[in-house]
Structures are given as structure tokens and as C-alpha cells.
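# Inside the fold
Each chain is listed here by its residues.
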Amino acid sequence: MNNKKGTELPPSAVDVLVVGNGPVGATIAALLGRYGVKTLVLDKVHEVVLMPRAIALDNEALRILQLAGLSEDAFEKIVIPEVKMHSPVLGQFSRANTAGCIDGHPKLVTFYQPDLEHAMRNQVCGLKSVTSLGGFELEHLVEESDAVVAFVRDQDGRLHSVRARYLVGADGASSRVRALIGQEFEGQTYAEDWLIVDARNRHQSAIDHVEFICDPRRPTPHMPAPGGRERWEFMLRPGESREELESPESIARLIASWIDPQELEVERKAVYRFHARCCNSFSKGRVFLAGDAAHITPPFVGQGLVAGLRDGANLAWKLAWVLRSQAAPSILDTYDIERRPHAQAMIDLAKFMGRLVMPRNKIVAFFIHGLMRLLALAPATRKYFEQLDIKPKNIFKNGLFVRHQRGDKLVRGSLFPQAWVRNTQQQIQLSDDALGHSLSLVGFGVNPLSLLSAAEVFSWIKMGGHFLQIGPCGQRADSACDFIEDLNHGLLPLAAKGTLVAIRPDRIIMHHAPGTEAGRLVRDCLILMGSVDSTADNLSITINEPPRLRA
Ligand SMILES: Cc1cc2nc3c(=O)[nH]c(=O)nc-3n(C[C@H](O)[C@H](O)[C@H](O)COP(=O)(O)OP(=O)(O)OC[C@H]3O[C@@H](n4cnc5c(N)ncnc54)[C@H](O)[C@@H]3O)c2cc1C
């Protein structure tokens, strides 16, 4: 196991303490480690959770795992080409097309959560600045003016204190951190229980897509997973007990409509009651909540862990930049401002899907599913569901970026697209790997360094920035600036030649401007990051409309 066992004690002082080494906590630790932050990640247990939980991830989640350093083959995945919705009366009434890739990753994959968690813990083990320990349970927190002191109990009952500049509570749905900072977990708990069954199919004959059997008598999502696995989620009927439905005979009866139960070995099973809850704030003082500690959703759109990974990507670099004095602590306020609305929107989508999957009775089911079928006849509404336009876009309304202007293809406050590129060492890679772990100033067909004064270049570097030029496939670098070729012409059409784009380490577009306004762009970013004072003496640019943090 990667989570170190035995006698090692937690360090008494760190920059960031991450409580909870689940998939979200481990990913945050990996990101902080890549940014060089002295981090301690603690968990009350040593092993990863083996209960059947997350099974699906989208392209954004896979991109964040890439950002955290996981290679493509770090854990097994099955690419899912479509999601089908069936009604017992109307047949297939809706479909989502999940074939293809976005930003270099498949739109939808299934995976085995313990494999991902082991891979992420392995990744963390290789990072010098991160210590990962199991067997320490957080009990109490004391916030001081310049630190948080956490009291953690080891498995022999001894109490240890850890002083951290910042603390991240990634300690799951029953978060102790959330309780200690007095955050309410607003929302609802569903009345229904669901039996989750993960089975291994000995003959590898699982379906290749995800299907939702929207039968009001027993709604059942069903999907394949790596390792010859299949998952079924059966809603319990009123009057059915957990014990009764979890019995081998009952599971055999339930899956008999798909496959001879003799051909399957039930690997894991659990009964859950789903929740749709979100905190009023994802932070208080020096303490931040991430993952299930901050929000939980019914799994109908497979977005619980994905949302937690988005939290991690958003928060980790901001902490690193503040700790390295490359940004003002006020940027940390934008974590809640940016992340909470999107997490809530995903919960709302899952609730909507829940109403589709489990209508209350046959009449309501007939009406809803019939309506969906009718909507699928019109191209616009079909596209809305089939091409996943219904999924809330990860575009911030407010936060750490300069206000968006209508008509621009590159939307500030949204993810910068990813494409295949070739670097000057002739390596073909995804563009995020060329961006690295800095704040990037990217020139579209132009060397950004050629547009800036020495003082501006210095300011950008001092703020944790680097420079990159994108050129068309076949062009060679003609300057000292880092250079990549846009192999499939996936990036250059996004902006006019000569445009500069400021990209945050989490790949969110912070700003863009024509090269003629390069100095102003740098200055705007310095102001956003609260770094302007350190450079003011060197700058000779006048600002007419200073941007502000949009809150
Ligand atoms: C049936 C089901 C299906 C799902 N399907 C999907 C899906 O397809 N896609 C998706 O994206 N999501 C899905 N989810 C959600 C997903 O599993 C969770 O969002 C994800 O596991 C949460 O990760 P986490 O790291 O935030 O929390 P957890 O995985 O719960 O980790 C929290 C960690 O904190 C530790 N801890 C707790 N308290 C303390 C303490 N006081 N001190 C120290 N350590 C502590 C725990 O031991 C644990 O290791 C599903 C969930 C369920 C139940």
C-alpha cells in the first residue's frame, strides 16, 4: 500500500495539510507536490475504500488526472460510446452520444475506483515535498492568525499536532473538517435505497455502453467496467429490506434478465441512500473543503468525483502561488466563487436525471419518457440531449479572470482547449504537457517575448509565469522562446494571429488580447493576482480601466 504504515509521525509544521487521502485528497496532494508545496496528506485508515463507488469519468476529469501527473496507462479504462435510456413501454426513448474525444481525452470512460486511487497514491509517493500517512484521524482544529493547528489521533490513541499555513478538508461526505468550521450541508436526502452490484463477467460478454432501464417498478442503470466487470444499480421497492435484496439469491434473480448468474462472480455489493447536498461556502479562513466534503450528488450523471477533481485543480495552484508569494491571499476567495455554482449545477442536473430514471409511477413514466421521445424528433432538442449540451459548461461567471467579451472564440473563465502538438525536441505530446506547471503567456503565431519590455518579462516570470509560442505544423522555432507546432490545427484557429493568451495553471483562460496590447495584458494579470505592487516601479504602462476580481 502506498499510504505509509508503521512508525512514521506527522511533521509538526507544513504549508498545506490535506485531511483525507481519498481520490480527491490524493489528487490535491499530487498537484501541490508538482507545484513544490510542502504538503502532508493524512487519512484515518491505511487502505483505499473498497466499496463500490465511482465508475464513470468524463474528459475534464481525465485532463485533471493528466495535470496531476497520471500517465494515460496509469489505470485501466473502458471508453463508452453511448448512453441509452430505455422504457419498458416505449423502448429506447433517449440517447447520449459519448463517442469521441474532447481536449485529448474520451468523453466518457468507466474505470475501477480502487485502481485509480492506488495510481494516484503511487504518484504522490514519488513527490519529494509531499508526505502521505495513514492511521491518523483529525479530531480538532484551531485557527490562528497565520496558521491552522490540527490535532490528529494515531491508532494507538496518541494525539499529535500539525501546524499548517492552510488546511484542505477532503475527508468525504461525513467530513469532520466541515463540521469543525461550522458549515451546513444544505440539500436533500432521497427516500429510496439503491443496491449497487459489481460483478465480474467470466466470459467477457458485458455490454459496451451504459444503459438506463427506466422502469418505474425497478429503475436500473447498468454498465461495463474494466477487468471484465459489470455494474448494476437496482432501486429497492417499498417494503424491500437491504438484507433481503443483498442476498446471493436475490442478486441472482435480479441479474438473471441480463445474464445467467452462474456466469458471474459478485465482487462487491452495497446499499446506498443518495444525497444531493452542497455547502454554503467551500472555505472559511485558512480552511478549504473539497470533494464530497463540500458537495455530494446522486450518481446518475457520474459527476461526484469529477466535481471533486475540478475542486482540486482549481484550489491547488492558488494555494501554491499564495504560499510562494506570487499572488495575494485574496485570490483564494475565488475558489468558492468559481467552484460552488458549477458543483451546484451538476447536482441539479443529477436531480433532473433522477426524475427521468426513476419516475414515481407508470403514468408519470409514460408521460416523461414519451415527452423525451418527442423532443428527440426535433433536431435542436435532440442535440441538447444527444450531444450532452444539457451538461452545465465549466465556464465561470465570476472569478480570477478578466471579463469576457462577446464574440471571442476563446472564452475567459473557461478551459483553454487541448490539442496534439510537437515540441522543439520533436516529441509529440498533448498541449497541457507543454504548458507545464506555470502561468503561461501563449503567443498565437507570435513570440510573446518580442512584444514585451524587459520589465514586463521580468514581472511575468516573477509571478510564476513562462512564455510559449504556438506555430503551424511544419514551422520551426526561430527564437529563444519555448515553441510548439499545432499538429492538427486544433489551437491556432481559436484566435487571430498575434494574439496573446494568459492561461492559469489549471488551464483556465485568464485573459487574452492582441499582441499590440501585450503590456496591458500583463499588467491586468498582475493586478488580478495581487502582484502589481512588486513590479510597479519597473513598469511604465498606464492603466485606464484596471480589472478587478469579479465577485
Ligand atoms: C454508488 C456510487 C456511484 C458513484 N459513481 C460515480 C461516478 O460514476 N462518477 C463520479 O465522478 N463519482 C461517482 N460517485 C461519487 C464518488 O465516489 C465520490 O464523489 C468520491 O469517491 C469522493 O471522493 P473524496 O476523496 O471526496 O472522498 P472519499 O473517497 O470519501 O475520501 C475521504 C477520505 O477521508 C478519510 N477521512 C474521513 N474522515 C477523516 C478524518 N477525520 N481524519 C482523517 N481522514 C479522514 C476517509 O478515510 C477517506 O479515505 C459515486 C458514488 C457512489 C456512492
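Located above this text is the structure these notes cover.
## Quick look at the site of the ligand
- Around the ligand, the surrounding shell holds 32 residues, and the nearest of these are Asp43, Arg53, Ala56, Asp292 and Leu305.
- At 3.4 Å, a backbone N or O of Pro23 approaches an oxygen atom of the ligand.
- Contacts to the ligand include Gln113, whose side-chain N or O atom sits 3.1 Å from an oxygen atom.
- Of all elements in the fold, only helix H1 (23-34), strand E11 (136-143) and helix H7 (304-323) reach the threshold of two or more residues within the shell around the ligand.
- In terms of residue class, the shell around the ligand is built from 16 nonpolar, 8 polar and 8 charged.

## Let's talk about empty space enclosed by the protein
- Applying the stated rule across the entire model yields 3 cavities of 30 Å³ or more.
- As for the largest cavity, its lining consists of 15 residues, of which Ile64, Ala313, Asn394, Leu415 and Asp506 are closest to the centre.
- Where the lining of the largest cavity is concerned, the elements lending two or more residues are helix H2 (59-67) and H7.
- Residue contributions to the lining of the largest cavity peak at 4 residues, all from H2.
- Counting contributing residues, the lining of the largest cavity receives three or more from each of domain 1 (13-71 + 112-187 + 276-353) and domain 2 (420-530).
- Computed from the structure, the second largest cavity encloses a volume of approximately 60 Å³.
- Surrounding the second largest cavity, His295, Ile296, Thr297, Gln303, Gly304, Ala307, Ala343, Met346 and Ile347 form its lining.
- Residue contributions to the lining of the second largest cavity peak at 3 residues, all from helix H8 (residues 333-357).

## As for unusual backbone geometry
- Although it is not a glycine, Asp103 adopts a positive phi angle of roughly 50°.
- Looking at the element boundaries, Asp103 is found in the loop between strand E7 (101-102) and strand E8 (105-106).
- Residues other than glycine seldom take positive phi values, yet Ser325 does so here, at roughly 60°.
- You can see Ser325 is positioned in the loop between H7 and H8.
- Given a relative accessible area of 65%, Ser325 falls into the exposed group.

## Quick word on the pairing of strand E27 (residues 499-503)
- Burial within E27 is extensive, with 5 of its 5 residues counted as buried.
- The alternating pattern of E27 places Thr499, Val501 and Ile503 on one face and Leu500 and Ala502 on the opposite face, and all of these are buried.
- Note that strand E24 (residues 439-444) and E27 share 4 bridges and pair antiparallel. Bridging across to E27, Leu441 finds its partner in Ala502.
- Two elements, E27 and strand E28 (residues 509-514), share 5 bridges in a ladder whose sense is antiparallel. Following the sheet pairing, Ile503 is matched in E28 by Ile509.
- Between E27 and E28, which pair antiparallel and follow one another directly, the connecting turn spans 5 residues, one of which, Arg507, has a positive phi of 75°.

Rules used in this analysis
- Residues numbered from 1 in each chain as written.
- Predicted model: local features only at pLDDT ≥ 70, side-chain atom pairs only at ≥ 80, totals over all residues.
- Heavy atoms only, no water.
- Near = heavy atom within 4 Å.
- Polar contact = N/O pair within 3.5 Å; in protein donor to acceptor, adjacent residues only side chain to side chain.
- Helix = DSSP H or I, 4+ residues; strand = E, 2+ residues; numbered from the N terminus.
- Nonpolar A, V, L, I, M, F, W, Y, C, P; charged D, E, K, R; others polar.
- 1 Å grid on protein atoms, 1.4 Å probe; cavity = no way out; pocket = protein on both sides within 12 Å on 5 of 7 lines; lining within 4 Å.
- Points joined across faces, edges and corners; volume = space filled by probe spheres on them.
- Domains from an automatic or database assignment.
- Buried < 20%, exposed > 50% of the residue type's maximum accessible area, 1.4 Å probe, protein only.
- Pairing = 2+ DSSP bridges.

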